[in-house]
Amino acid sequence: MNDFSPPLPELPCIRYVDSFEELVSARFSGPVNALCWPRKLEGDFAEIVEKLRVGRGITTIDEETLAALELSPAGEVARKSLLEDQAMMEACGLLPVLDCINGYVNLHEDDGPVSTHVQSYHVDSATDEADTYLCTYFGASSEALPNDQVIPKAEIPALRAELLALHGGEDDEGFAEFLNENFYDLHYAPLPGAEPWSFGVGNLWRIACEYPGSPVPPCVHRAPDTIPGAPPRLLLIG
Ligand SMILES: [Fe+2]
């Protein structure tokens, strides 16, 4: 009923937990920058996606829209799960958003030498302590790479030269600011032989962001490639 989900990997950067309470209260430390509560959710999420009938791009689904859908019993089970997840996260002071993603509009319109799109490997950043919660309910899921299998794109000599030319200045503090202001410093390239792992479907993840004083390196991840003709994805992000 749901998409194929590959087995979850055993990696030093991932810690698995048994409950939402544990997911929220766990601390990132050592090599761990991704926490996962593995789940197999019941219900027909495909039906939800189908009946939402979203247009191209990203549509945020509010609770009223979800509540108004006429669903089969299996669709109803899926809707209950979506609402429960949002309520659970909101009760912890999180701000979950349910998005139905039907491809991306203007995919590389603003790209310079370094793509800053969510389908490019990147880290989420914040000015203060923060992390990102993610759950894919339907469709292709986000994927990630261990930090020792990536290189910041701005540190690849050819790309750095292009970025420097775009900046039109010296490789100094001003250039670092330029990289930061344009999010170029948040994007990474896989090293040769890198093996991405998939977040899978139904699992609730909490991944480390980049912020001053973070005890761990941020989790490098990306949205999956758009598969032409594939139905929209359903994603909770908080
Ligand atoms: Fe992200």
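Up top is the structure these notes are about.
Source: prediction; values computed, not measured. Every residue gets a number counted from 1 within its own chain, in the order that chain's sequence is written. This being a predicted model, a pLDDT of at least 70 is required before a residue's local features are given, and a value of 80 or more before pairs of side-chain atoms are given or counted; all residues contribute to the totals for chains, interfaces and linings.

1. Examining the overall build of the protein
- A run of H or I in DSSP counts as a helix once it spans at least four residues, and a run of E counts as a strand once it spans at least two, with each numbered from the N terminus. Assigned secondary structure in the protein consists of six helices and 12 strands.
- Counting only C-alpha atoms, the protein reaches 60 × 40 × 35 Å along its principal axes.
- Buried residues in the protein amount to 32% of all 238 residues. Three exposure classes are used, based on other C-beta atoms lying within 10 Å of a residue's own C-beta, which is placed from the backbone: buried for 20 or more, exposed for 12 or fewer, and partly exposed in between.

2. Notes on unusual backbone geometry
- Within the chain, Arg53 stands out as a residue other than glycine whose phi angle is a positive 45°.
- With respect to the secondary-structure elements, Arg53 resides in the loop between helix 2 (45–52) and strand 3 (57–60).
- Phi is positive for Phe183, close to 65°, though the residue is something other than glycine.
- Relative to the helices and strands, Phe183 resides in the loop between helix 6 (173–181) and strand 8 (188–190).
- On the basis of neighbour counts, which here come to 15 C-beta atoms within 10 Å, the residue Phe183 falls in the partly exposed class.

3. Observations regarding the sheet that holds strand 6 (residues 143–145)
- Two strands qualify as a pair provided that DSSP identifies no fewer than 2 bridges between them. A sheet is described by the order of its strands in space; here three strands give the open sequence 9-6-11, paired in antiparallel fashion. The sheet is open, and its two borders are formed by strand 9 (197–198) and strand 11 (220–222), each paired with just one other strand.
- Across three bridges, the pairing between strand 6 and strand 11 is antiparallel. Along strand 11, the bridge assignment pairs Leu145 with Val220.

4. Regarding the packing of helix 2 against helix 4 (residues 73–91)
- Contact geometry for helix 2 and helix 4: axes closest at 7 Å, N-to-C directions at 90°. Taken together, the axes of helix 2 and helix 4 lie roughly perpendicular to each other. For the pair helix 2 and helix 4, contact is made by Phe45, Glu47 and Ile48 and by Ala74, Gly75, Ala78 and Arg79, respectively.
- Grouping the constituent residues of the contact of helix 2 with helix 4 by class yields four nonpolar, one polar and two charged. Lines fitted to C-alpha atoms define the axes, with helix axes restricted to the stretch in contact, and inter-axis angles between N-to-C directions lie between 0 and 180 degrees. Each angle receives one of four descriptions, namely roughly parallel if under 35 degrees, roughly antiparallel if over 145, roughly perpendicular if within 65 to 115, and oblique otherwise. This entry defines residue contacts through backbone-placed C-beta atoms, with two residues in contact when those atoms are within 7 Å. Three classes are used, and their members are as follows: Ala, Val, Leu, Ile, Met, Phe, Trp, Tyr, Cys and Pro are nonpolar, Asp, Glu, Lys and Arg are charged, and the others, Gly among them, are polar.

5. What to know about the nonpolar core
- The term nonpolar core means buried Ala, Val, Leu, Ile, Met, Phe, Trp, Tyr and Cys residues held together as one set by C-beta atoms within 7 Å. In this structure, Ala34, Phe45, Tyr137, Trp205, Cys219, Val220 and Leu234 are the most contacted members of the largest nonpolar core, which totals 42 residues.
- One finds Val114, Ala154, Leu163 and Leu179 within the second-largest nonpolar core, a separate group that totals five residues.

6. Here we look at the environment of Val24
- Along the chain, the position of Val24 falls in helix 1 (residues 20–25).
- Remark: the alpha-carbon pair of Val24 and Gly139, spanning 115 residues in sequence, is separated by 25 Å.

7. Regarding the sheet that holds strand 12 (residues 233–237)
- Strands sit in the order 1-2-10-5-12-4-3 across an open sheet of seven strands; the sheet is mixed. Strand pairing shows two members of the sheet lacking a second neighbour, strand 1 (14–16) and strand 3, which therefore form its edges. When strand polarity is set aside, the average angle formed by the axes of neighbouring strands in this sheet is 25°.
- In this sheet, strand 4 (residues 97–102) lies alongside strand 3 in antiparallel orientation, the contact comprising four bridges. Within strand 4, the position partnered with Gly57 by the bridge is Asn102.
- Along the sheet, helix 4 makes contact with strand 4, strand 5 (131–138) and strand 12, crossing strand 5 at roughly 170°.

8. Regarding the pairing of strand 2 (residues 34–37)
- A two-sided burial pattern is seen for strand 2, the buried positions comprising Ala34 and Cys36 on one face and Leu35 and Trp37 on the other.
- Seen with the strands pointing away from the viewer, any crossover whose path from the first strand over the helix to the second strand runs clockwise is right-handed. The parallel pair strand 1 and strand 2, bridged by helix 1, forms a crossover whose chirality is right-handed.
- Across four bridges, strand 2 lies against strand 10 (residues 204–208) in antiparallel orientation. When the sheet's bridge partners are listed, Ala34 is paired in strand 10 with Ile207.

9. Description of helix 2
- Within helix 2 the residues assigned to the buried category are Phe45, Glu47, Ile48 and Val49.
- Taken together, the buried residues of helix 2 touch helix 4, strand 4, strand 5 and strand 12.

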